[in-house]
Amino acid sequence: MTVEFAGARSGQGPLTWGQRAIWRLTEWLPPGDPYFNMPWALPVHGKPDLPTVLAALARLLGRHESLRTNWIAGSDVIGHQGAEQCGMVQRVAGHGWLTVGLVDAAGARPRALAGEIAAELAGKGFDYADELPVRCAVVMDGGRPRAVAFAFTHMAVDGRALDVIAGEWPRLLSGEPLPPAVPQPLDLAAEEGSPEGAARGERALRYWRAALDRMPRPLFAAPQGAPEESRFVKLGMESAALGAAVTRLAAGWGVSTGSVLLGAYAVLLSRLTGRGTVAMQLVVGNRHDPRLAPMVAALVQDGIFVLDVARGSSLAEVVRAAHQGVLASYRHARYDPAAQRALIEETGPPPTAYFNDVRVAGGWPNLPSQPPASLGRIFPVGAWPEVDADVFLSVGPATHTCRLDLLADTALLPREAIEAMLREVETLLVNEENT
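Residues numbered from 1 in each chain as written. Predicted model: local features only at pLDDT ≥ 70, side-chain atom pairs only at ≥ 80, totals over all residues. Heavy atoms only, no water.

Asks: Give me the lowdown on the sheet that holds strand S5 (residues 89–92), citing residues and values where you can.
Replies: Pairing within the open sheet is antiparallel, and its three strands lie in the order S2-S5-S4. Two strands in the sheet have a free side with no partner beyond their single neighbour: strand S2 (11–13) and strand S4 (69–72). Neighbour-to-neighbour, the strand axes of this sheet turn through a mean angle of 20 degrees, independent of strand direction. Sheet strands touched by helix H5 (residues 185–192): S2 and S5. Its angle to S5, the strand with the most contacts, is close to 145 degrees. (Pairing = 2+ DSSP bridges. Helix = DSSP H or I, 4+ residues; strand = E, 2+ residues; numbered from the N terminus. Axes fitted to C-alpha atoms, helices over the stretch in contact; angles between N-to-C directions. Contact = heavy atoms within 4.5 Å.)

Rendered as structure tokens:
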């Protein structure tokens, strides 16, 4: 079935810095690759009927312009060129129709089934020029809607935007009024193109220049081993014991749990590379400005982080230094991507190690009261022929366990070494908490 939606305005304009940053990442992938698609599932609590759920979906798209946006090149066909070179614009539809699938749970758990459907919907690349940036299906059980499955393109949303949608969803279902959803991406693009926006970007890139001058080059030696057929491998680990240890260490050291994990990662990168100084790029949500916090949009850009891991320093000292460094990095992660690339061409390549903490709350509120003493489980997540990173550690959104994902170039770190590094993060911090 189709749902008709309408927004307060239509229009077109240049891409935001965040949209351009995501588009640049897609250029590493074959056309139509779904790597940057984002599955999402939400429950339908209470007893709303199907028309109520469909009306909530219409309100959602009408409210957030990014969910009714296409990204169009000058030739009306997006090719593998940079957004600046091909004259790309974002075009917001004032009205339109969303196709919504209906799926009977048939005895399955509706929320779990919605998660599976969301993954299926996200398994195919989006047509940025001609397709809405969201796909949707409603899971029915006993004649009532029980869950909704979504797939979004990362051009329209980031992880924080999904949390905004989840927070608004109950009020959308109930028909309650919501505050204005401002600014929208068109507004943000205009702001970024203003003299004030240009000044902000220049300050950020001055910080980047200083960090690039400090970073070791290269951080990693040239690849020595034979890579796997799909060269870049990602493994995951879930460890409640690690979550409990990190929580207690963060409280004792007066830092965030993310800074504890970042500091431990830096220590292990130092050991791996033999470098006393390590550098990485941080994936920054850019929602420190309260005006941007409620935006449904892609605001993520990379921050740069350089840390001296001095020999003889305690882990607590390294983590406290990482905490200060990450705050500075976050303050300087909004900039014109084209100007950043020009800077990199002048100074040399940026770090090829990455860190991303996708959690909202920054902790694990649903950890078991007595976390198991046993080590966490490690499992495969995926493999890709090409990724723009040598090593990439992510902290997942699970609230009941510490979820880490580590992706690496298998020419640098064979699969066994990726697993060993995940285990080292766990043992380093669990042992530190026990001393």
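Asks: Give a description of helix H10 (residues 337–347) that names residues and reports values.
Replies: Those residues of H10 that sit buried are Pro-337, Gln-340, Arg-341, Leu-343 and Ile-344. What you see down the axis of H10 is that its buried residues fit within an arc of 160 degrees, all on one side. The outward face of H10, more than 90 degrees from its buried face, is lined by the exposed residues Glu-345 and Glu-346. Contact partners of the buried residues in H10: helix H1 (17–26), helix H6 (195–214) and strand S11 (301–308). The distance from a side-chain oxygen at the start of H10 to the backbone nitrogen of Ala-338 is 2.9 Å, and the residue carrying that oxygen is Asp-336. Backbone geometry just downstream of H10 places Gly-348 in the positive-phi region, at approximately 115 degrees. (Buried < 20%, exposed > 50% of the residue type's maximum accessible area, 1.4 Å probe, protein only. Arc of directions from axis to C-beta. Polar contact = N/O pair within 3.5 Å; in protein donor to acceptor, adjacent residues only side chain to side chain.)

Asks: Mind laying out unusual backbone geometry, listing which residues take part and the relevant values?
Replies: Residue Pro-218 is reached from Arg-217 by a cis peptide bond, and omega for that bond is -10 degrees. Mapping Pro-218 onto the fold places it in the loop between H6 and strand S9 (232–239). A positive phi angle, near 50 degrees, is found at Ala-106, a position not held by glycine. At Asn-286, a residue that is not glycine, the phi angle is positive and equals roughly 55 degrees. Mapped onto the fold, Asn-286 is located in the loop between strand S10 (277–284) and S11.

Asks: With reference to specific residues and values, describe the pattern of salt bridges.
Replies: A complete count under the given rule lists 20 salt bridges for this structure. Between Arg-403 and Glu-238 there is a salt bridge, with its nearest N and O atoms 3.9 Å apart. Taken together, the positions of Arg-403 in strand S15 (residues 402–409) and Glu-238 in strand S9 put the pair 165 residues apart, joining distant regions of the chain. The exposure class assigned to Glu-238 is partly exposed, which follows from its relative accessible area of 21%. Residue Asp-289 is joined to Arg-291 by a salt bridge in which the shortest nitrogen-to-oxygen separation is 3.1 Å. Overall, the relative accessible area of 22% leaves Asp-289 in the partly exposed class. Judged by its relative accessible area of 37%, Arg-291 is partly exposed. Among the charged side chains, a network of salt bridges with common partners joins Glu-238, Arg-377, Arg-403 and Asp-405. (Salt bridge = Lys/Arg side-chain N within 4 Å of Asp/Glu carboxyl O.)

Asks: I'd like a rundown of empty space enclosed by the protein, residues and numbers included.
Replies: Within the structure shown, the criterion is met by one cavity of 30 Å³ or more. Counted as a void, the largest cavity has a volume near 50 Å³. If you go around the largest cavity, the residues you meet are Thr-16, Trp-17, Gly-18, Leu-188, Glu-192, Asn-286, Leu-292, Ala-298, Leu-299, Gln-301 and Arg-334. Looking at the lining of the largest cavity, the elements with two or more residues in it are H1 and H5. Grouping the amino acids of the lining of the largest cavity by side-chain chemistry returns five nonpolar, four polar and two charged. (1 Å grid on protein atoms, 1.4 Å probe; cavity = no way out; pocket = protein on both sides within 12 Å on 5 of 7 lines; lining within 4 Å. Points joined across faces, edges and corners; volume = space filled by probe spheres on them. Nonpolar A, V, L, I, M, F, W, Y, C, P; charged D, E, K, R; others polar.)

Asks: So, the nonpolar core: which residues are in play, and what are the values?
Replies: Grouped burial of nonpolar side chains is what soluble globular proteins tend to show. Ranked by size, the top nonpolar core spans 54 residues in total, and within it Val-260, Leu-261, Tyr-265, Met-280, Phe-355, Leu-404 and Leu-429 carry the most contacts. The element that contributes the greatest number of residues to this core is helix H8 (residues 257–273), accounting for nine residues. Those residues in contact with Val-260 that sit more than four places away from it in its chain are Val-246, Leu-249, Ala-250, Trp-253, Val-255, Val-319 and Leu-429. Within the second largest apolar cluster, 43 residues are counted, among which are Leu-15, Val-148, Trp-169 and Leu-178. (Core = buried A, V, L, I, M, F, W, Y, C linked by side-chain atoms within 4.5 Å.)

Asks: Can you explain the environment of Thr-257? Please cite residues and give values.
Replies: Its location among the elements puts Thr-257 in helix H8. Sequence spacing of Thr-257 and Glu-345 is 88 residues, and the spatial spacing of their C-alpha atoms is 35 Å. For Thr-257, the residues in contact, after removing those within four places along its chain, are Val-246, Thr-247, Ala-250, Arg-359, Gly-362, Gly-363 and Trp-364. Separated by 2.3 Å, the side chain of Thr-257 and the backbone oxygen of Gly-362 make a polar contact.

Nothing here speaks to function; it is geometry throughout.
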